[in-house]
Amino acid sequence: MIQGKKLITVLGATGSIGVSTLDVVARHPDRYAVFALTAHRQVDKLFTQCLAHHPAYAVVASADDAARLQAMLERAGCCTEVLSGSQALVDVASAPEVDMVMAAIVGAAGLPPALAAARSGKRILLANKEALVMSGALFMQEVVAGGASLLPIDSEHNAIFQGLPAGFERGLGGSGVTRILLTASGGPFLNKPIDELAAVTPEMACAHPNWVMGRKISVDSATMMNKGLEVIEAYWLFGAPAEQIEVVIHPQSVIHSLVAYADGSVLAQLGNPDMRTPIAHAMAYPERIDSGVKPLDLFEIGRLDFQRPDFERFPCLGHAYRVLREGGIAPAVLNAANEVAVASFLDGRLGFDRISDIISATLDAIERREADSLDVVLDADRRARECASGFVERASR
Ligand code: NDP
Ligand code: MG
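Conventions used here
- Residues numbered from 1 in each chain as written.
- Chains lettered and ligands numbered in written order.
- Predicted model: local features only at pLDDT ≥ 70, side-chain atom pairs only at ≥ 80, totals over all residues.
- Heavy atoms only, no water.
- Patch = residues over 30% accessible without salt bridge, like charges linked within 9 Å, V, L, I, M, F, W, Y side chains within 5 Å.
- Areas by Shrake-Rupley, 256 points an atom, 1.4 Å probe, with all protein chains shown as cover.
- Salt bridge = Lys/Arg side-chain N within 4 Å of Asp/Glu carboxyl O.
- Helix = DSSP H or I, 4+ residues; strand = E, 2+ residues; numbered from the N terminus.
- Near = heavy atom within 4 Å.
- Polar contact = N/O pair within 3.5 Å; in protein donor to acceptor, adjacent residues only side chain to side chain.
- Donors = N, O, S within 2.8 Å, 3.2 Å for Na, K, Ca; no water.
- Buried < 20%, exposed > 50% of the residue type's maximum accessible area, 1.4 Å probe, protein only.

A. Looking closely at a nonpolar patch on the surface. Judged by side-chain polarity, L270, L296 and L298 come together as a nonpolar surface patch covering roughly 230 Å² of accessible area. Mapped onto the fold, L296 is located in the loop between α11 (276-284) and α12 (298-301).

Below, the structure is given as structure tokens:
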């Protein structure tokens, strides 16, 4: 903390969540200052962000990019120090000066720095749901052992967090909560004839009706694997068993999720679909600050619709419930196979309708075991990636 300001590291600063986070930071210069910003390859975007926020450190993937960014910053008179590689991500997530860490790297690459933030007792603003899906038990243990606090950024989980009773501890027993209702927009193909899904292009899949997001999560939303990952995320964050987590399709994305209580009350959190709301909530919690989000106008919205998910149209949702019930390394295998299948679809090597086949074939092929250490989880991730890549190659022949 410097001069009463909270210091934040933004992992994945150049992504959709990273940019929204920096927008909220910029609205409150009296409350927040940036310790570190990280990107993978978007050096020019990170350069612009460094000029605006003057972090002590910036991190990129390669040493060559780091040297180029360092030279650009020096020429511009900015004294940010540029680091590179995966250990640097861990270092800026766990540095003693840091108060909070926005975990917004996409996919499994975000796990080590998010775990480092947990171990070093930070306030973790968790957008990177894949980290929790892969290693939920270990992650939650590290949060407790490190004295960290974990605040959900995913809009649904942030909504649930807001709807839970004060002082809620993980596990629904004794809380009066009977169900968690996770809302889902259904994505761009909710009503598309199933036989047309084979011809879907990456551009069509990434054109989400309500949210502007990175490409991987946009495809996950189109297959509803995103909601499947979120069911697993809810299980770990709130200790809710699979049977008490229900997915409700709500195409307008105005209700971000609901919590049902034993007395019949159902608490919902509503708002315009803009990630700056959960980001500002988690950054300032328990206070409330301006996020820049347009106020909700119910008259403009007019109506709210709901429907049950169709597990035939969205088989990925069924795969996620299956691995949650199995436990062990199964969720890490599902996550890795999904990352490979989605990247292959985005590269034009796999049909949209084959994503779920690659995941189920990989789940059938990998032998199960307990996820009792990070090494075991990372080994499952590696084997599942190899296996899924083989299935993609065969499918694209
Ligand atoms: P984006 O693809 O927009 O951004 C991803 C960020 O991660 C970028 O900064 C990217 O850097 C960086 N990155 C990518 N690969 C690596 C890697 N191997 N090592 C280090 N950094 C890497 O994703 P989003 O912002 O949409 O999503 C981020 C996370 O938040 C995901 O886990 C997603 O599921 C979750 N989330 C996102 C929501 C949204 O509305 N966008 C909503 C809820 C959750 P570079 O730009 O240089 O490539
Ligand atoms: Mg979400």
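B. Main features of the site of ligand 1. T14, H40, R41, Q42 and E130 are the nearest of the 23 residues found near ligand 1. A distance of 3.5 Å is found between an oxygen atom of ligand 1 and a backbone nitrogen or oxygen belonging to A127. In this structure, an oxygen atom belonging to ligand 1 sits 2.9 Å away from a main-chain N or O atom of G214. For the shell around ligand 1, the secondary structure elements donating two or more residues are α1 (16-27) and α6 (129-146).

C. Representation of the coordination of the magnesium ion (ligand 2) in the model. Note on the magnesium ion (ligand 2): its protein donors are D154 (OD), E156 (OE) and E230 (OE). The metal-donor distances range over 2.1 to 2.2 Å. Along the chain, the residues that donate to the magnesium ion (ligand 2) are spaced as D-x1-E-x73-E. Note that D154 is positioned in the loop between β7 (149-152) and α7 (155-163) and E230 in helix α10 (residues 225-238), a separation of 76 residues in sequence. For E230, a relative accessible area of 1% translates into the label buried.

D. Broad picture of the pattern of salt bridges. For the coordinates displayed, the defined rule picks out 29 salt bridges. R31 is the partner of E287 in a salt bridge, and the nearest nitrogen-oxygen pair spans 3.3 Å. Remark: R31 occurs in the loop between α1 and β2 (32-38) and E287 occurs in the loop between α11 and α12; sequence separation between them is 256 residues. Beyond isolated ion pairs, a larger network of salt bridges with shared partners links K129, D154, E156, K227 and E230.

In short, shape yes, function no, at least from these values alone.
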